[in-house]
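Structural overview
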Protein chains: 2
Amino acid sequence: MKKYIKTLKKCRLFEAVDDESLLRMLTCFGAKVEIFDKKYTIFAEGSPAKYIGIVLSGSVQIIQLDYYGNRSILSEVRPPEMFAEAFACTETPSLPVSVIADEPSEIMLIDSTHILHTCQNHCGFHQQLIYNLMKDLAAKTILFHQRIEITSKRSTREKLLAYLLMQSKKQNSASFEIPFDRQELADYLEVDRSGLSAEIGKLKKEGLLDCRKNHFVLL
Amino acid sequence: MKKYIKTLKKCRLFEAVDDESLLRMLTCFGAKVEIFDKKYTIFAEGSPAKYIGIVLSGSVQIIQLDYYGNRSILSEVRPPEMFAEAFACTETPSLPVSVIADEPSEIMLIDSTHILHTCQNHCGFHQQLIYNLMKDLAAKTILFHQRIEITSKRSTREKLLAYLLMQSKKQNSASFEIPFDRQELADYLEVDRSGLSAEIGKLKKEGLLDCRKNHFVLL
DNA sequence: GAAAGTCTGTTGAATTTTCAACAAAAAGGA
DNA sequence: TCCTTTTTGTTGAAAATTCAACAGACTTTC
């Protein structure tokens, strides 16, 4: 487990936890690390929410598939972020999303029962973990608000611009990479892929934008 | 404050807190109750997130307004639910949403600093409040997922049906009231109002649906 | 390095949504 | 009760999105 310490310490879940305590916790929680190939389904929609996942390397996507197979990408999760924590914390009997490895990834899985229910009063760090989870969930809520601000726009053009502006702001540069290919971006913005490609083309022609693959520059 | 105890005890924030401690906390937190008229802006977008709000009576809406004045309704909050807790917990400098009274409402405002930062170790109930906040935020996250599941549908018809099915499920009956008028429903589903009215008309004609004002019956 | 597979941009046609405008119905105020 | 205001359903025209299909560019695999 030691080789993961550096990443884990950056994870919000373990904020203000020292190395030694962290290692002890991992043992106590029965934390395990699994490796998933690209496109592998880590959690399937409908399965019970038992584990909190932490991305140690690689990246995963949180997606919803509707009845017709249309995909919505809710978010992309990278090290040292966690996922499925909201479902684990409410002990949801059936996950409403799937989690897919976007590339070969090392994932730490922690049975949430250990965090929520055990040593409620004995372990001093237990309180810290609850606090950290609370902070993390609040931050995730804000991310949802941002996504809704983007997807609530009515046109492909507005969604795209809102997304790119937000990425630019987040990465503090007019020149930045996005974590999606065209189809994925369409599934995140909830628009048609071909319409999205057309819109990117228009913006280029209008001189508002330059892009090569995943690299965008706002002009 | 005593007259609010009954409602407050049902609020997730005060889960597992006894009456006496609750009253003491309210004093210690400097909690205040304010009354807002219908349509009054309780929190304006852009203002700092200082307070957690609890709806004691009436109801409020969480909304986003874009550059052109288009409204998105993110949620409707009723007693004994709270609002703005995610922003308060992250101490967001600028609220990305507005909170509007949907009818005359009594709102309890609690300065979040008291919950997040004081008596971290002295007050036994402090830990309970953090735990309760964590549970609440997890539950809110799941509500967001549900909203996204609805609004990610591509057509007005599908959004409407998904929303009505979810309401029906939530209220455990094929016959139910919704908290929105037509314009509000459109702003929640992120569709055009006239198109929504037309779609409701179609569904009625097809015999899938019956409705009078806010009362719907799925057939 | 060749072949197979995937991703991207383009197209045009069909379908939907949006927008503005209006009248009837309902709600609220005097 | 009457008058005013708000809400709702309808309409038709304009605009945008979706869909299917395809070819070229790019990747991956063997």
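The model shown is predicted, which means the values in this text are computed figures rather than measured ones.

**Some words on the protein's contact with DNA strand D**
Every one of the 14 residues lining DNA strand D counts as a neighbour, but Thr156(A), Asp192(A), Arg182(B), Arg193(B) and Ser197(B) are closest to it. Of everything in DNA strand D that lies within 4 Å of the protein, sugar and phosphate atoms constitute 52%. With respect to DNA strand D, the backbone of Thr156(A) contributes an N or O atom lying 2.6 Å from a phosphate oxygen. Taking Ser194(A), its side chain carries an N or O atom lying 3.2 Å from a base nitrogen of DNA strand D. Looking at the surface near DNA strand D, the elements that each hand over two or more residues are helix 8 (193-205) of chain A together with helix 7 (182-189) and helix 8 (193-205) of chain B. Sort the elements by how many residues they give to the surface near DNA strand D and helix 8 of chain B lands first, with three residues. Per-class residue counts for the surface near DNA strand D are one nonpolar, six polar and seven charged.

**Quick notes on the packing of helix 6 (residues 156-170) of chain B against helix 7 of chain B**
Residues and elements named next belong to chain B. Packing of helix 6 against helix 7 leaves a shortest axis separation of 11 Å and a crossing angle of 100°. Compared by their axis directions, helix 6 and helix 7 come out roughly perpendicular. Between helix 6 and helix 7, the residues in contact are Lys159, Leu160 and Tyr163 and Leu185, Tyr188 and Leu189, respectively. When the residues that make up the contact of helix 6 with helix 7 are grouped by side-chain class, the tally is five nonpolar, no polar and one charged.

**Notes on the sheet that holds strand 5 (residues 71-77) of chain A**
Residue and element names in this part refer to chain A. In spatial order, the strands read 2-7-4-5; together these four strands make up an open sheet with antiparallel pairing. In this open sheet, the two edge strands, each paired with only one partner strand, are strand 2 (41-43) and strand 5. Ignoring which end each strand starts from, the neighbouring axes of this sheet average 35° apart. Pairing between strand 4 (residues 60-65) and strand 7 (residues 98-101): four bridges, direction antiparallel. Across the sheet, residue Ile63 finds its bridge partner in strand 7, namely Ser98.

**Concerning the domain arrangement of chain A**
Residues and elements named next belong to chain A. When cut into domains, chain A gives domain 1 (2-149) and domain 2 (153-218). Relative placement of domain 1 and domain 2: their C-alpha centres are 28 Å apart. At the interface, twelve residues of domain 1 touch ten residues of domain 2. Each partner contributes to the roughly 990 Å² buried at the junction of domain 1 and domain 2, and carbon and sulfur atoms together form 45% of this total. Its largest share of buried area at the contact with domain 2, domain 1 owes to Arg71, Ile73 and Arg147, together 45% of the area lost on that side. Inspection of the domain 1/domain 2 interface yields two salt bridges. Where Arg147 meets Glu190, a salt bridge forms, and the shortest distance between an N and an O atom there is 3.0 Å. Joining domain 1 to domain 2, the criterion identifies five residue pairs in polar contact (both at pLDDT 80 or more). Contributions of two or more residues to the side of domain 1 that touches domain 2 are made by strand 5 and helix 5 (124-151). If one sorts the elements of the side of domain 1 that touches domain 2 by residue count, strand 5 sits on top with five residues. Among the residues forming the side of domain 1 that touches domain 2, the class breakdown is three nonpolar, three polar and six charged.

**Some remarks on the nonpolar core**
Core analysis: the largest hydrophobic core is formed by 60 residues, its most contacted members being Leu13(A), Phe14(A), Ile54(A), Leu13(B), Phe14(B) and Ile54(B). Sequence-distant contacts of Phe14(A), defined by excluding residues within four places in its chain, comprise Leu8(A), Leu22(A), Met25(A), Leu26(A), Ile54(A), Ile110(A), Leu129(A) and Asn132(A).

**Section: the sheet that holds strand 8 (residues 105-111) of chain B**
All names here are of chain B. Ordered in space as 1-8-3-6, the four strands form an open sheet in which the pairing is antiparallel. Two strands close off the open sheet at either side, each with one partner strand: strand 1 (32-36) and strand 6 (82-83). Taken together, the six bridges between strand 3 (residues 51-57) and strand 8 define a ladder with antiparallel strand orientation. Within the sheet, the bridge partner assigned to Val55 lies in strand 8 and is Ile107.

Calculation criteria
- Residues numbered from 1 in each chain as written.
- Chains lettered and ligands numbered in written order.
- Predicted model: local features only at pLDDT ≥ 70, side-chain atom pairs only at ≥ 80, totals over all residues.
- Heavy atoms only, no water.
- Near = heavy atom within 4 Å.
- Polar contact = N/O pair within 3.5 Å; in protein donor to acceptor, adjacent residues only side chain to side chain.
- Helix = DSSP H or I, 4+ residues; strand = E, 2+ residues; numbered from the N terminus.
- Nonpolar A, V, L, I, M, F, W, Y, C, P; charged D, E, K, R; others polar.
- Axes fitted to C-alpha atoms, helices over the stretch in contact; angles between N-to-C directions.
- Parallel < 35°, antiparallel > 145°, perpendicular 65-115°, else oblique.
- Contact = heavy atoms within 4.5 Å.
- Pairing = 2+ DSSP bridges.
- Domains from an automatic or database assignment.
- Buried area = accessible area lost by both parts, 1.4 Å probe.
- Salt bridge = Lys/Arg side-chain N within 4 Å of Asp/Glu carboxyl O.
- Core = buried A, V, L, I, M, F, W, Y, C linked by side-chain atoms within 4.5 Å.
- Buried < 20%, exposed > 50% of the residue type's maximum accessible area, 1.4 Å probe, protein only.

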